[in-house]
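Listed below, chain by chain, are the residues.
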Amino acid sequence: MARKDAKSKAAAAATKAINNTHITTTNPSTPIKPTHNTTSTTQPYVKEVTHSIQVSYESYLRELQSNQKLRLIDTFLAFLVALGILQFVYCVIIGNFPFNAFLGGFIATVGQFVLTVSLRLQGARENQTLFSQISPERAFGDYIFASLILHFVVIHFIN
């Protein structure tokens, strides 16, 4: 008898809990409409991103006008990107018969790009505190040495 009372009390509590929750079902064929306007919420984010890009670009141009070395390094980086794209397009259109030659050239381009970005980071004025123990001459020497090692490895890879 006590078990029946306990079961009936548990059933009554479950029924009460189900009645207190408001479950709404929708027809699967009925599309759910958004409750808020998505264009009005994305507008501020787009404006913030556009403003961030504009401020970054203006800062970049100011930095380039005052530092001739960075302008030269950035020009070389743009050349390396164009060279990598040209090699990839050639491989796709014409073919990559001596695949190790394509791979060696592409690795040399990407590796030189990475080394040049490293040199650019060490040469930027805002990073002087980060690289205070490395002189600009030492950074350039390291860059030349690493470039020679890179090209030595690539030449031996091509065989």
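Before reading further, recall that the structure is shown in the block above.
The model shown is predicted, which means the values in this text are computed figures rather than measured ones.

**Q** Account for helix α4 (residues 99–123), with residues named and values stated.
**A** Given a rise of 1.5 Å per residue, 25 residues ought to cover 36 Å, and the 36 Å separating the end C-alpha atoms of α4 matches this to within 8%. All of the buried residues in α4 are Phe102, Gly104, Gly105, Ala108, Thr109, Gly111, Gln112, Thr116, Leu119 and Arg120.

**Q** Let's hear about the side chain of Thr109: which residues, and what values?
**A** For Thr109, the location among the structural elements is in helix α4. Separated by 2.9 Å, the side chain of Thr109 and the backbone oxygen of Gly105 make a polar contact. Non-local contacts of Thr109, meaning those with residues more than four positions away in its chain, are made with Leu80, Leu83, Gly84 and Gln87.

**Q** Describe a nonpolar patch on the surface, naming the residues involved and giving the relevant values.
**A** A cluster of nonpolar side chains, namely Val81, Ile85, Phe88, Val89, Tyr90, Val92, Ile93, Ile94, Val110, Phe113 and Val114, defines an oily patch on the protein surface of about 1,100 Å² accessible area. For the nonpolar patch, the elements supplying multiple residues, two or more each, are α3 (68–93) and α4. Here the nonpolar patch takes seven residues from α3, the largest share from any one element. By secondary structure assignment, the location of Tyr90 is in helix α3. With a relative accessible area of 51%, Tyr90 lands in the exposed category.

**Q** Tell me about the pattern of salt bridges, residues and numbers included.
**A** Counted under the stated rule, the structure contains two salt bridges. A salt bridge links Arg138 to Asp142, with the nearest nitrogen and oxygen atoms 3.3 Å apart. With Arg138 and Asp142 both in helix α5 (residues 136–158) and four residues apart, this pair spans about one turn of that helix. Relative accessible area serves as the criterion here: at 52%, Arg138 is assigned to the exposed category. A relative accessible area of 37% places Asp142 in the partly exposed class.

**Q** Could you give me a rundown of the environment of Phe131, with the residues and numbers involved?
**A** Relative to the helices and strands, Phe131 resides in the loop between α4 and α5. Phe131 gets classed as partly exposed once you look at its relative accessible area, which sits at 21%. Those residues in contact with Phe131 that lie beyond four places of it in its chain are Leu121 and Gln122.

**Q** Any details on the packing of aromatic side chains? Residues and values, ideally.
**A** According to the stated counting rule, one finds four aromatic pairs in the structure shown. For the pair Phe76 and Phe79, a centre-to-centre distance of 6.2 Å together with 25° between the ring planes defines the contact as stacked. Residue Phe76 and its partner Phe79 are both found in helix α3; the two are separated by three residues, about one turn of the helix. Judged by its relative accessible area of 46%, Phe79 is partly exposed. Taken together, the aromatic side chains of Phe99, Phe102 and Phe106 make up a single cluster linked through ring pairs.

Definitions and limits used
- Residues numbered from 1 in each chain as written.
- Predicted model: local features only at pLDDT ≥ 70, side-chain atom pairs only at ≥ 80, totals over all residues.
- Heavy atoms only, no water.
- Helix = DSSP H or I, 4+ residues; strand = E, 2+ residues; numbered from the N terminus.
- Expected span 1.5 Å × (residues − 1).
- Buried < 20%, exposed > 50% of the residue type's maximum accessible area, 1.4 Å probe, protein only.
- Polar contact = N/O pair within 3.5 Å; in protein donor to acceptor, adjacent residues only side chain to side chain.
- Contact = heavy atoms within 4.5 Å.
- Patch = residues over 30% accessible without salt bridge, like charges linked within 9 Å, V, L, I, M, F, W, Y side chains within 5 Å.
- Areas by Shrake-Rupley, 256 points an atom, 1.4 Å probe, with all protein chains shown as cover.
- Salt bridge = Lys/Arg side-chain N within 4 Å of Asp/Glu carboxyl O.
- Phe/Tyr/Trp six-rings, centres within 6.5 Å; stacked < 30°, edge-to-face > 60°.

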